[in-house]
Each structure stands twice: as structure tokens, then as C-alpha cells.
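# Report on the structure
Here are the chains, one letter per residue:
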Amino acid sequence: MTLIRFILSFVFFVNLGLGLLVFLNRARVRRANFIFSLLSWASAGWALSIFMAYLFKDQPSMLFWGRMSFATAGIIPAAFLCFSLIFPKERRHLSSSKLLLIASPSLFIIGLSFTNQIVSSLGSETQMFNYGPFYPFFSIYFLTYMLLCFVFLISSYKKAVGLVRLQIKYCLLGMFLTAGFGVSTNLFLPMAGISKFNWVGPSFSVIMVGFTAYSIVRHRLMDIN
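Residues numbered from 1 in each chain as written. Predicted model: local features only at pLDDT ≥ 70, side-chain atom pairs only at ≥ 80, totals over all residues. Heavy atoms only, no water.

### Describing the packing of aromatic side chains
Put simply, the rule is: Think of it this way: a Phe, Tyr or Trp ring, Trp meaning its six-membered ring, pairs with another when their centres are within 6.5 Å, and the plane angle makes it stacked under 30 degrees, edge-to-face over 60, tilted otherwise. Here a helix means four or more residues in a row that DSSP labels H or I, a strand means two or more in a row labelled E, and each is numbered from the N terminus. Buried means the residue's accessible area, taken with a 1.4 Å probe over protein chains only, is under 20% of the maximum for its type, while exposed means over 50%, and partly exposed covers the values in between. As a reminder, the over-ring test applies to NZ of lysine and CZ of arginine, requiring each to be within 6 Å of the ring centre and within 35 degrees of the ring normal.
By the definition in use, this model includes 17 aromatic pairs. Ring geometry for Phe70 and Tyr131: centres 6.0 Å apart, planes at 70°, overall edge-to-face. With Phe70 in helix α3 (residues 59-73) and Tyr131 in strand β2 (residues 129-131), the pair connects residues that are 61 residues apart, well separated along the chain. Ring geometry for Phe108 and Phe134: centres 6.0 Å apart, planes at 75°, overall edge-to-face. Residue Phe108 is located in helix α5 (residues 96-113), and its partner Phe134 is located in the loop between β2 and α6 (135-159); the two are separated by 26 residues in the primary sequence. We classify Phe134 as partly exposed; its relative accessible area is 29%. Over the face of the ring belonging to Tyr157 we find Arg165, whose NZ or CZ atom lies 4.0 Å from the ring centre.

Take a look at the structure:
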């Protein structure tokens, strides 16, 4: 349990730090940078929520942080989709109304997360939480948005050349590995009644962070020196 807490706290600070690094750079007015920061902060919040769920032993606190983990995780697909649509160099124009439309399921998820509709109660040792009637909706939303993200990133990758193509490659690879592990441990296993590995999903978000950090340092992703 101590190792799990250490991993989650490490992931929290790495994701938080990268989000701040991107947001505070001189090109922070660019929407791609802001959306990536939001993605990093949501990943950090996801890790923090699971960390707190393991830290507290009283049922009200565990239940609150369990629900908070869905609120933060629900932001990730929408932020990821917006990022994949405009990255790199804001190739596609997205109006504020389109951004709001993409984010609307995420806002709906956030509202439901603090009710008993997604996480209804605490479960057993194997299944940490019992899920409500809208858990399948969360799963479908998460999977659909992540698949769309990959479609748009792959499309951009095919059209890109040179450094831009390399930037997309690292971004795509990091997000593919993160999504692969995260979906397996935090969606598929809970569907089978096993949620004791819910700490693995947010922990693997550091893979995305690591690949993106390498792109920032080595290839000046998003114009950061």
C-alpha cells in the first residue's frame, strides 16, 4: 500500500508540474498549450483522488474521493479530443461553441460523479466500489472519445512531415500506451467486478507525460525551449 501511495503521489507531482510548465511558458495564449495543461492537471487530479481514497479509512471520505476520481478522469477524454483536433500548430479551427459541445459530456459526468449514479457505494476488497446505473455511460463516453482522439492524431500524422510528424509520433505513442493500460485496469476490469487495480490507470498516465516531456525537451513541442 505504501508503494501504491508513493507511485500515485509521484505521478500527481509530475503531471501537475508538466501542466504548469506548459501553461506558464511564453506561448501560453495558444489554446493547444492550455488544453494540454488541462489534460495534465486532470491526470494529476485523477492520481490524487485515488491516492486519497487509499489514504483515508473512513467510508464517507473513501466514497467522496472515489467519486472525485471519476470527476477528474471524466475531463481527460474531452481535453484529449480537443487537443488532438488542434495539435500541432492548431491545424483545425475550433470555435468556442464546438469546444463547449465536445466538453458537454464531460460536464455531465462531473455533475453525476458526486451522486450515486456512477459510484453508488463502497464495495468489497476485490471490488473497491459498487457502480451505479450511469457507469456504462461513463465507459462508453471514455472509449468513444479516446478512439476519436487516435483517429484525429493518426490523420494528422499521415499528413505531417519532418519535425511536426515526429512530434505527433511521440505524442501518439505516449497516449496510446497510457490509454491502453488505463482502459484495461480502470474500465474493463471493473466491468468484470475487479476494481482493486484502479490505481494502475492514473499511474500509467506518467507514460504520456514522459513521452511528451521528451518531445518538449528534444523536439521543442509546442514552442517550449
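### Looking at empty space enclosed by the protein
Short version of the rule: In this analysis the probe radius is 1.4 Å and the grid spacing 1 Å, with only protein atoms considered; a cavity is a set of points the probe fits into but cannot get out of, a pocket is an open set with protein on both sides within 12 Å along at least five of seven lines, and lining residues have an atom within 4 Å of a point. Grid points are joined across faces, edges and corners, and a volume is the space filled by probe spheres set on the points. Each residue receives one of three labels: charged for Asp, Glu, Lys and Arg, nonpolar for Ala, Val, Leu, Ile, Met, Phe, Trp, Tyr, Cys and Pro, and polar for the others, Gly being one of them.
Under the definition given, this model contains two cavities of 30 Å³ or more. Quantified by volume, the largest cavity comes out at close to 170 Å³. At the level of elements, α2 (31-55), α3, β2, α6 and α7 (162-191) are the ones that each hand at least two residues to the lining of the largest cavity. Residue contributions to the lining of the largest cavity peak at five residues, all from α7. Of the volumes computed, that of the second largest cavity is approximately 140 Å³. Together, 15 residues line the second largest cavity, and Ile76, Phe142, Met146, Thr178 and Ala179 are the ones closest to its centre. Taken together, the elements giving at least two residues each to the lining of the second largest cavity come down to α2, α4 (75-86), α6, α7 and α9 (205-219). Top contributing element to the lining of the second largest cavity by residue count: α7, with five residues. Among the residues forming the lining of the second largest cavity, the class breakdown is 10 nonpolar, five polar and no charged.

### Overview of the packing of α2 against α3
Each pair of packed helices can be described by the angle between their axes along with the distance between the axes. Test applied: What counts as an axis is a line fitted to C-alpha atoms, over the stretch in contact for a helix, and the angles between N-to-C directions run from 0 to 180 degrees. The scheme is simple: roughly parallel for angles under 35 degrees, roughly antiparallel for over 145, roughly perpendicular for 65 to 115, oblique for anything else. For a crossing to be left-handed, the near helix must be turned anticlockwise from the far one by less than a right angle; the clockwise case is right-handed. Should any heavy atoms of two residues lie within 4.5 Å, those residues are counted as being in contact.
Running from amino to carboxyl end, α2 crosses α3 at an angle of 165°, the nearest separation of the two axes being 8 Å. It follows that α2 is roughly antiparallel to α3 by the angle criterion. As for the relative orientation of α2 and α3, their crossing is left-handed in sense. Touching Ala42, Gly45, Trp46, Ser49, Ile50, Met52 and Ala53 of α2 are Met62, Trp65, Gly66, Met68, Ser69, Thr72 and Ala73, all from α3. In the contact of α2 with α3, the residues fall into nine nonpolar, five polar and no charged.

### What about the environment of Tyr214?
Locating Tyr214 in the fold gives a position in helix α9. Looking at Tyr214, the relative accessible area reads 39%, which means it is partly exposed.

### Section: the confidence of the model for the protein chain
Formally: Confidence scores per residue from the predictor, reported as pLDDT, run from 0 to 100.
Averaged over every residue, the pLDDT of the protein chain is 83; the share at 70 or more is 89%. Per-element averaging of pLDDT across the protein chain places α9 at the bottom with 73 and α3 at the top with 92.

### Brief notes about the packing of α2 against α4
The contact between α2 and α4 brings their axes to 9 Å, and the two run at 155°. The orientation of α2 relative to α4 falls into the category roughly antiparallel. Crossing geometry of α2 relative to α4 is assigned as left-handed. Here Arg31, Ala32, Ile35, Phe36, Leu38, Leu39, Ala42, Ser43 and Trp46 of α2 come into contact with α4, specifically with Ile75, Ile76, Ala79, Phe80, Cys82, Phe83 and Ile86. Considered class by class, the residues forming the contact of α2 with α4 number 14 nonpolar, one polar and one charged.

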